[in-house]
Amino acid sequence: MFLGYLPDCASKFKKNEVLSKVFGYLFDALDTESEMYKRICSLEAGAQFEVHFDGGARAIEQAYYTKSPKEAFYESHSQMVDFQMVVEGREIFFVAPNSLCEIKTPLDSKKDLIEYYPSAFISSVQLFSGNLAVFESFDTHAGGIATDSSVTLVKKVVVKVPKEYVKLGF
């Protein structure tokens, strides 16, 4: 997992053309004057819009209400890396290593989705506007969790990038 404020981690996106386009897209999503920002912020709860990039990457612009931790949906992906960035609102993400989680539903290769039971080994991070979380194949994650006892509307972008384009190594 990688967590960073988008304007501070621009250099990570210079590794290839696909990531460069993803950065441009994410940067535009935060520009209050851009059509993309206006489109995302106009989404109603439950709505989503998809944007496709060269190289097999795609963005899902979405709006939803946060939920209680008991309603968390734990997942990971084998072929795609999730770039999750809130545009408006705040949410908590739970994260744990796959190796410490029990699989509930094995890999559905059509959806590139593995579902897990809740784990005792989770950590949590808060996403706010411009805060970017990147989840690799070994990261079990559950988002959309309310930051307090009140439910709030979150408007965000999830960019799914084929893992061969993403090298977060140290």
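Here the structure is a predicted model, which means the values were calculated and not measured. (Residues numbered from 1 in each chain as written. Predicted model: local features only at pLDDT ≥ 70, side-chain atom pairs only at ≥ 80, totals over all residues. Heavy atoms only, no water.)

Draft legend 1. Spatial organisation of the overall build of the protein chain. Secondary structure assignment for the protein chain yields two helices and 12 strands. Order of helices (α) and strands (β) in the protein chain, N terminus to C terminus: β-α-α-β-β-β-β-β-β-β-β-β-β-β. Relative to the compact-globule value of 15 Å for 170 residues, the protein chain shows a C-alpha radius of gyration of 15 Å, a close match. Dimensions of the protein chain, computed from the C-alpha atoms along their principal axes, are close to 40 × 40 × 30 Å. Summarising the internal contacts of the protein chain: among those between residues at least 6 apart in sequence, 79% fall at separations of at least 24. Carbon and sulfur atoms make up 54% of the accessible area of the protein chain, which totals about 8800 Å². (Helix = DSSP H or I, 4+ residues; strand = E, 2+ residues; numbered from the N terminus. Rg over C-alpha atoms; globule rule 2.2 N^0.38 Å. Contact = heavy atoms within 4.5 Å. Areas by Shrake-Rupley, 256 points an atom, 1.4 Å probe, with all protein chains shown as cover.)

Draft legend 2. Expanded view of unusual backbone geometry. The phi angle at Asp112 is positive, at roughly 50 degrees, despite the residue not being glycine. For Asp112, a relative accessible area of 10% puts it in the buried group. (Buried < 20%, exposed > 50% of the residue type's maximum accessible area, 1.4 Å probe, protein only.)

Draft legend 3. Expanded view of the packing of aromatic side chains. Overall, the coordinates contain seven aromatic pairs when judged by the stated rule. With a centroid separation of 5.9 Å and an interplanar angle of 50 degrees, the aromatic rings of Phe13 and Phe83 are classed as tilted. Here Phe13, found in the loop between strand 1 (2–5) and helix 1 (17–30), pairs with Phe83, found in strand 5 (residues 80–88); they are 70 residues apart in sequence, far enough to count as distant. When sorted by exposure, Phe13 lands in the same class as Phe83, which is buried. On the numbers, 5.3 Å between centres and 85 degrees between planes, the contact of Tyr25 with Phe53 is edge-to-face. With Tyr25 in helix 1 and Phe53 in the loop between strand 2 (48–52) and strand 3 (58–65), the pair connects residues that are 28 residues apart, well separated along the chain. Note on Tyr25: relative accessible area 5%, which makes it buried. Judged by relative accessible area, which is 17%, Phe53 ranks as buried. Joined through ring pairs, the aromatic side chains of Phe13, Phe23, Phe27 and Phe83 make up one cluster. (Phe/Tyr/Trp six-rings, centres within 6.5 Å; stacked < 30°, edge-to-face > 60°.)

Draft legend 4. A look at the environment of Asp82. Note that Asp82 resides in strand 5. Judged by relative accessible area, Asp82 falls into the buried class, the value being 1%. Along the backbone, Asp82 and His141 are 59 residues apart, and their C-alpha atoms lie at a distance of 9.9 Å. Apart from residues lying up to four places away in sequence, Asp82 is in contact with His77, Ala133, Val134, Phe135, His141, Val158, Val159 and Lys160. In terms of polar contacts, Asp82 uses its side chain to reach the side chain of His141, at 3.2 Å. (Polar contact = N/O pair within 3.5 Å; in protein donor to acceptor, adjacent residues only side chain to side chain.)

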